[in-house]
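# Remarks on the overall topology
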Amino acid sequence: MGYETWSPSPPKLEKPRSVFNPASLAFIGDSIYELYARRHFLFPPLSIEDYNDRVRAVVRCEAQYALLNKLVDDDFLTKEERDILRWGKNLGSARTRTRRRAGNAVYNKASSLETLIGYLYLTNGKRLEKIMEKLGFSSDSSTEIVIEETNPKPSESSNLPNFILNEQVVSF
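A brief report on the enclosed structure follows. (Residues numbered from 1 in each chain as written. Predicted model: local features only at pLDDT ≥ 70, side-chain atom pairs only at ≥ 80, totals over all residues. Heavy atoms only, no water.)

The subject of this paragraph is the overall build of the protein. When its secondary structure is counted, the protein shows 8 helices and 0 strands. Reading the helices (α) and strands (β) of the protein from amino to carboxyl end gives α-α-α-α-α-α-α-α. Looking at the protein residue by residue over its 172 residues, the buried ones come to 38%. Here the contacts in the protein between residues at least 6 apart in sequence split such that 73% fall between residues at least 24 apart. Total accessible area on the protein stands at roughly 10200 Å², and carbon and sulfur atoms take up 49% of it. (Helix = DSSP H or I, 4+ residues; strand = E, 2+ residues; numbered from the N terminus. Buried < 20%, exposed > 50% of the residue type's maximum accessible area, 1.4 Å probe, protein only. Contact = heavy atoms within 4.5 Å. Areas by Shrake-Rupley, 256 points an atom, 1.4 Å probe, with all protein chains shown as cover.)

Shown next, in the form of structure tokens:
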């Protein structure tokens, strides 16, 4: 679109881990992740309902879990980034419908991705951009996304999007 900077500038922090806990970084990481998703689906122009459906499909914890698997399987993350993931997956929070729907392991690993995104937003915007590009988020077009949707199986709830998830345990 011709913009060098499209997201809000982060506050200047040298050591965000000494200032913020994993939940705080996941909080900001969640919003930054959604901003990337919204930017990705901006073109071609769609109805608001279609925008929302597409964004909602990739911000769900199941989708974030699948994308995290891609980063781990492709050995794309640095040692420091894997440490942030380990730190972030130990978030403790109240039970939510999402946690019950997806399970604790999926929810916690999705939260660890949000923690990493929040951390990189505050410390290394260029690396964040590389990771988001690796996951398939771009502003050029919304024709390709890393997550592949499948047809629901009769035994699965029809109101949940089904993603091809790697069944192996993801370790950081």
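Still more ground to cover, so stick around.
For the rest of this paragraph, the subject is the pattern of salt bridges. Opposite charge on two side chains makes pairing possible when the charged atoms of those side chains draw close. Per the stated rule, a full pass over the model turns up 10 salt bridges. The shortest N-O distance in the salt bridge between Arg60 and Glu62 comes to 3.4 Å. Classification of Arg60 by relative accessible area gives buried; the value is 17%. With a closest N to O distance of 2.7 Å, Arg127 and Glu81 form a salt bridge. Taken together, the positions of Arg127 in helix H8 (residues 125-134) and Glu81 in helix H5 (residues 79-88) put the pair 46 residues apart, joining distant regions of the chain. As far as burial versus exposure is concerned, Arg127 and Glu81 are alike and both buried. The network of salt bridges with common partners includes Lys70, Asp74 and Lys134. (Salt bridge = Lys/Arg side-chain N within 4 Å of Asp/Glu carboxyl O.)

With that settled, consider the packing of aromatic side chains. The final tally for this structure, using the stated rule, is 1 aromatic pair. With a centroid separation of 5.5 Å and 75 degrees between ring planes, the pair formed by Tyr33 and Phe137 is classed as edge-to-face. Here Phe137 lies in the segment after H8 and Tyr33 lies in helix H2 (residues 22-40), a separation of 104 residues in the sequence. For Phe137, a relative accessible area of 1% translates into the label buried. Over the ring of Trp87 we find Arg17, and its NZ or CZ is 4.4 Å from the ring centre. (Phe/Tyr/Trp six-rings, centres within 6.5 Å; stacked < 30°, edge-to-face > 60°. Lys NZ or Arg CZ within 6 Å of the ring centre and 35° of its normal.)

Remember that the coordinates give geometry; whether it matters functionally is a separate question.
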